[in-house]
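# Coordinate analysis (summary)
So you can see what is in the structure, the chains are spelled out below.
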Amino acid sequence: MKGDFSRITFNRSKHYSGVRWQQGRPNSDADSNEAQDIASYRVETETIDVVGQHGAPKHEPGFALSFGPDGSLLIGQGRFYVDGILCENDAQLSYSIQPHLPNPPRLRDVFGNAQIGLVYLDVFKRHVTYQDDASIRELALNGVDTTTRLQTVWQV
């Protein structure tokens, strides 16, 4: 793990629904992180319960696939949910320049001359530190890295 965490304490089988800080007690990164993990678990579980294992908004669903005039595969703008995780594509773009898949294999190399192929959306959460994104450093504390981030990454 890239971060400096005292403990990872979230355990879904305990069915905790929140964390309460008590006055006069020291703060712990583990408690703050567990509070966030509880909230994320609830949102993602609720999304699966309501939307299903995967799905898109009824109007303007995201990640619609189409072909450009040059035959390139285009990935549509919008939102899609995979395993309860919200995936967002801010603008229609070509498969070959998607943001989180550097140098994707050419579709012709993958499918050859096949008339039918399988394309899927792979989704995961990436741990981001100040080394990945300098803007998360705390400038008021001379650039100390006080936190890290989780980033939803998608690849078609």
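Summary of the structure given here. (Residues numbered from 1 in each chain as written. Predicted model: local features only at pLDDT ≥ 70, side-chain atom pairs only at ≥ 80, totals over all residues. Heavy atoms only, no water.)

This brings us to the overall build of the protein. Helix and strand content of the protein: 2 helices and 8 strands. Its helices and strands taken in sequence order, the protein reads α-β-β-β-β-β-β-α-β-β from the N to the C terminus. Compactness check: the protein gives a C-alpha radius of gyration of 20 Å against a globular reference of 15 Å for 156 residues, more than 25% above the reference. Summarising its shape, the C-alpha atoms of the protein cover approximately 65 × 40 × 25 Å along the three principal directions. (Helix = DSSP H or I, 4+ residues; strand = E, 2+ residues; numbered from the N terminus. Rg over C-alpha atoms; globule rule 2.2 N^0.38 Å.)

Spatial ordering of the open sheet is given by 1-4-5, a layout of 3 strands whose pairing is antiparallel. Each of the sheet's edge strands pairs with one partner strand only, and the pair in question is strand 1 (54-55) and strand 5 (85-89). In this sheet, strand 5 lies alongside strand 4 (residues 78-82) in antiparallel orientation, the contact comprising 5 bridges. By the bridge assignment, phenylalanine 80 is partnered in strand 5 with cysteine 87. (Pairing = 2+ DSSP bridges.)

Our next topic: the nonpolar core. Most often, soluble globular proteins have nonpolar side chains that are buried together. Membership of the largest hydrophobic core comes to 13 residues, with the highest contact counts inside it found for Phe63, Ile75, Cys87, Leu121, Val123, Trp154 and Val156. Listed by contribution, the elements that provide at least two residues to this core are strand 3 (73-75), strand 4 and strand 5. With sequence-adjacent residues up to four places away left out, valine 156 is seen in contact with Phe63, Ile75, Tyr95, Gln98, Leu101, Val119, Tyr120 and Leu121. (Core = buried A, V, L, I, M, F, W, Y, C linked by side-chain atoms within 4.5 Å. Buried < 20%, exposed > 50% of the residue type's maximum accessible area, 1.4 Å probe, protein only. Contact = heavy atoms within 4.5 Å.)

Moving on, we get to the packing of aromatic side chains. By convention here, two paired aromatic rings are described through the distance between centres and the angle between planes. What the rule picks out here adds up to 2 aromatic pairs. Judged by centre distance (5.6 Å) and plane angle (50 degrees), the rings of phenylalanine 10 and tyrosine 41 are tilted. Of this pair, phenylalanine 10 sits in the segment before helix 1 (29-51) while tyrosine 41 sits in helix 1, placing them 31 residues apart in sequence. On the basis of relative accessible area, tyrosine 41 is assigned to the partly exposed category, the value being 32%. (Phe/Tyr/Trp six-rings, centres within 6.5 Å; stacked < 30°, edge-to-face > 60°.)

Further remarks concern the environment of glutamine 36. If you trace the backbone, glutamine 36 turns up in helix 1. With relative accessibility at 48%, the residue glutamine 36 sits in the partly exposed group. Sequence separation of glutamine 36 and glycine 143 is 107 residues, and the distance between their C-alpha atoms is 24 Å.

What follows deals with the pattern of salt bridges. According to the stated counting rule, one finds 5 salt bridges in the structure shown. Where glutamate 46 meets arginine 42, a salt bridge forms, and the shortest distance between an N and an O atom there is 3.0 Å. Within this pair, glutamate 46 and its partner arginine 42 are both found in helix 1, separated by 4 residues, close to a single helical turn. Salt bridges here are not isolated pairs; linked through shared partners, they connect Lys2, Arg126 and Asp132. (Salt bridge = Lys/Arg side-chain N within 4 Å of Asp/Glu carboxyl O.)

Once that is clear, we can look at the side chain of glutamine 155. If you trace the backbone, glutamine 155 turns up in strand 8 (residues 149-155). Given the relative accessible area of 18%, glutamine 155 is considered buried. Among the polar contacts made by the side chain of glutamine 155, one reaches the main-chain carbonyl oxygen of histidine 100 at a distance of 2.7 Å. Once you skip the residues sitting within four places of it in the chain, glutamine 155 turns out to touch Gln98, His100, Leu101, Tyr120, Leu121, Asp122 and Phe124. (Polar contact = N/O pair within 3.5 Å; in protein donor to acceptor, adjacent residues only side chain to side chain.)

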